[in-house]
Amino acid sequence: MSLLMVVGCNGTSDGKENETEQEEESSNQGTSESTEKEEVEGPRFTNATVHDPSVIRVDDTFYVFGSHLAAAKSTDLMNWQQIATSVSETNPLIENVFEELAETFEWAQTDTLWAPDVTQLEDGRFYMYYNACEGTAPRSALGVAVADNIEGPYEDLGIFLKSGMWGEPSEDGPIYDPRIHPNVVDPHTFFDEDGELWMVYGSYSGGIYILQMDRETGFPLPNQGYGKRLMGGNHSRIEGAYILYSPETNYYYMYLSFGGLDANGAYNMRVVRSENPDGPYYDAEGNAMIDVKSDPDLPLFDDESIEPYGVKLMGNFEFIKDGGDGPSRRTGYVSPGHNSAYFDEETGKNYLIFHTRFPRRGELHEIRVHQMFMNSEGWPVVTPHRYAGEVIEAVSKSEIVGDYQFINHGKDISAEIKNSVPIQLNDNNTITGEVTGQWALVGDYEVELSIDGVIYNGVFLTQWDESTRSYVMTFSALSNEGVAVWGSME
């Protein structure tokens, strides 16, 4: 029992219970130091705070819902309006929340809520999949509430999954064992290409699971227990699963966060894919995710066992420029993670929506949105700078040649911030500087890099750089080992 009780939803040192609540900020991340580039009038951003943002679009408005019953909305994915910030009796999403969800709070022995998900079913109503966790153990409850309006108020329909029932039968029947049974948090509901409804969920403990859902009632179909395990187990630090089908590649992509969520937790976003909504899922090297879990012979929350797996899209980073007065710091993120994703059928654009902390700013976190593109191998590459309305288009060699700041995200789970290093993409298609190799423009805008014998495939894209207030050429590419590299022109 003593072993079981130290197994937290996110560990004892970085649980969502310990997040710092913050006010909405409208200041831009990054400094406005002088540069050689002429500043131009560019896009503006309004920032908001929603941890673990799960996205849903209603008409022309994007909504994100997150932990602690926080929410925000935007019509352009750049300027966010805060709707709610914390679990309280004045939160407009669930009126009298402590009374409405009394059974949930009692079971989970907490007074807050964790990452929810909202979906619209065929009856036109909005279903919020809420959850609560004790915080130092996987004692959690997961249920659903419904509203006629996306902004609430939501009324509880009841709990349908529980975890952490010490010494008692689990939802699967056998006595609950946190090494193999899931922690019932972090739900995401989605429709597959055939219109069937699913819910993926889970965190640490026994891993990531998936359930088939009733598309009319919003509850799980009967006799599934906890459902089917997709990956994780033995308390591996894997959570925040989000599944999105791509009509471009005909794959289901499961986005995940590895590591711990706080500023020292090394959160990083990864992706795996499958031909079916319920798996099996594989990474770029062909590793089966069902086999990815922690080593039970190692200490709890063993990252070494899971570190090599999944396609790592983004971790801690900071763009730095070396100048005469020493290095100047620019845009950077710390522990970016727990993302959702969105595909716009009208424009063909893919977006990654997540929260992030920032270098030297402690636990303060904000929403960020980056555009994604499928590379030639059918894997999403994430652009280096936040979304500012950019559209991918043909580029010329003359636009590409120049000095860049280069970041290699690696595959590690580490709180270390990866600082950019200077490189050059030369007219003779060589790469020089801190890394060396060859580069090529393929077609209108695709990039192929060869660095130290490793091939990376991705895209070139002109983006808005907040720190220099200028439009710059960028590239984002992935290797077949699942390593992401970025470049942003000086």
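Throughout, a residue's number is its position along its own chain's written sequence, starting from 1. For this predicted model, a pLDDT threshold of at least 70 governs which residues receive local features, and a threshold of 80 or more governs which side-chain atom pairs are given and counted, while totals over whole chains, interfaces and linings are taken from all residues. Where side-chain values are given, they derive from all heavy atoms of the structure, hydrogens and water being excluded.

Here a strand is any run of E in DSSP of at least two residues, a helix any run of H or I of at least four, and the numbering for each starts at the N terminus. A tally of helices and strands in the chain yields four helices and 30 strands. The globule rule used here is 2.2 Å times the number of residues to the 0.38 power, and the radius of gyration it is set against is calculated over C-alpha atoms. The C-alpha atoms of the chain give a radius of gyration of 22 Å, which matches the 23 Å a tight globule of 490 residues would have. Across its three principal directions, the C-alpha atoms of the chain cover 65 × 45 × 45 Å. Out of the 490 residues belonging to the chain, those deemed buried represent 60%. Working note: accessible area of the chain is about 18,200 Å², and carbon and sulfur atoms make up 44% of it. Working definition: with a 1.4 Å probe on protein chains only, accessible area under 20% of the residue-type maximum means buried, over 50% means exposed, and in between means partly exposed. Here the accessible surface of atoms and residues is derived via Shrake-Rupley with a 1.4 Å probe, and residues count as covered only by protein chains that are part of the display.

Moving on to the sheet that holds strand S5 (residues 117-120). Read across the sheet, four strands follow the order S5-S6-S7-S8 without closing on themselves; strand pairing throughout is antiparallel. Of all strands in the sheet, those bounded by a partner on one side alone are S5 and strand S8 (155-163). Taken pair by pair, the neighbouring strands of this sheet meet at an average axis angle of 20°, ignoring direction. DSSP calls a pair of strands paired once it identifies at least 2 bridges connecting them. When S5 meets strand S6 (residues 126-133), the two strands line up antiparallel, connected through four bridges. When the sheet's bridge partners are listed, Asp-117 is paired in S6 with Tyr-129. Inter-axis angles, ranging from 0 to 180 degrees, are taken between N-to-C directions of lines fitted to C-alpha atoms, where helices are fitted over the stretch in contact.

Next up on the list: the packing of aromatic side chains. By convention, a stacked pair of Phe, Tyr or Trp rings (six-membered ring in the case of Trp) has centres within 6.5 Å and planes under 30 degrees apart, an edge-to-face pair has planes over 60 apart, and any other such pair is tilted. One pass over the full model with this rule turns up 22 aromatic pairs. Arranged with centres 5.2 Å apart and planes meeting at 90°, the rings of Phe-62 and Tyr-342 form a pair that is edge-to-face. Residue Phe-62 is found in strand S2 (residues 61-66), and its partner Tyr-342 is found in strand S18 (residues 326-343); the two are separated by 280 residues along the sequence. Aromatic pair Phe-98 and Phe-105: ring centres 5.3 Å apart, planes at 45°, arrangement tilted. A relative accessible area of 7% places Phe-105 in the buried class. Joined through ring pairs, the aromatic side chains of Phe-317, Phe-319, Tyr-333, Phe-354, Phe-358 and Trp-486 make up one cluster. By definition here, charges over rings are those cases where NZ of Lys or CZ of Arg is within 6 Å of the ring centre and within 35 degrees of the ring normal. For Arg-361, the ring lying beneath its charged end belongs to Phe-358, and the centroid distance is 4.4 Å. The lysine or arginine in question, Arg-386, covers the ring of Phe-45, its NZ or CZ lying 4.1 Å from the ring centre.

Of the residues in the chain, 91% reach a pLDDT of 70 or more, and the chain-wide mean stands at 92. For the stretch residues 1-15, pLDDT sits under 50, and the model shows 57 contacts to residues farther than four places along the chain or on other chains. Confidence of the predictor in every single residue is expressed as pLDDT, which spans 0 to 100. Here, two residues are considered to be in contact whenever any of their heavy atoms come within 4.5 Å of each other. Of the regions scoring below 50 in pLDDT, residues 17-36 engages in 59 contacts with residues more than four places distant in sequence or in other chains.

What follows covers the pattern of salt bridges. Salt bridge, as applied in this entry: a Lys or Arg side-chain nitrogen positioned within 4 Å of an Asp or Glu carboxyl oxygen. All chains considered together, the criterion is met by 19 salt bridges. For Glu-490, the salt bridge is made with Lys-321, and the minimal N-O distance between the two is 3.8 Å. Of this pair, Glu-490 sits in the segment after strand S30 (484-489) while Lys-321 is found in strand S17 (residues 317-323), placing the two residues 169 residues apart along the sequence. Residue classification places Lys-321 among the partly exposed positions, given a relative accessible area of 25%.

Along the chain, Gln-405 falls in strand S22 (residues 402-408). Given the relative accessible area of 4%, Gln-405 is considered buried. Contacts described as polar in this section are N or O atom pairs within 3.5 Å, which, within protein, must combine one atom able to donate a hydrogen with one able to accept it, while residues neighboring in sequence count only if both atoms come from side chains. A polar contact is formed between the side chain of Gln-405 and the backbone oxygen of Ile-320, at a distance of 3.2 Å. Apart from residues lying up to four places away in sequence, Gln-405 is in contact with Phe-319, Ile-320, Lys-321, Ser-420, Val-421, Pro-422, Trp-486, Gly-487, Ser-488 and Glu-490.

Locating Ala-477 in the fold gives a position in strand S29 (residues 470-479). When the C-alpha atoms of Ala-477 and Glu-99 are compared, they prove to be 49 Å apart, with 378 residues separating the residues in sequence. Once residues within four sequence positions are removed from consideration, Ala-477 is found in contact with Val-381, Val-447, Leu-449, Tyr-456, Asn-457, Gly-458, Val-483, Ala-484 and Val-485.

Attention shifts here to the layout of surface pockets. Of the volumes computed, that of the largest pocket is approximately 720 Å³. Only protein atoms enter the 1 Å grid used here, on which a cavity is any set of points holding a 1.4 Å probe that cannot leave and a pocket is any open set flanked by protein within 12 Å on both sides along at least five of seven lines; residues with an atom within 4 Å of a point are listed as lining. If you trace the largest pocket, you find 26 residues lining it, with Phe-191, Leu-244, Tyr-342, Phe-343 and Glu-345 closest to the centre. Counting residues per element, the ones that place at least two in the lining of the largest pocket are strand S1 (54-58), S5, strand S9 (188-191), strand S13 (238-246) and S18. Grid points are joined across faces, edges and corners, and a volume is the space filled by probe spheres set on the points.

A few words now on a negative patch on the surface. Like-charged residues within 9 Å of one another, or nonpolar side chains (Val, Leu, Ile, Met, Phe, Trp, Tyr) within 5 Å, are grouped into patches, provided each residue has over 30% relative accessible area and no salt bridge. Only four residue types enter the tally: Lys and Arg on the positive side, Asp and Glu on the negative side, with His and both chain ends excluded. Charged groups are reduced to one reference atom each: NZ for lysine, CZ for arginine, CG for aspartic acid, CD for glutamic acid. On the surface, a cluster of negative charge is contributed by Asp-59, Asp-60, Glu-345 and Glu-346. Examined against the element boundaries, Asp-59 turns out to sit in the loop between S1 and S2.

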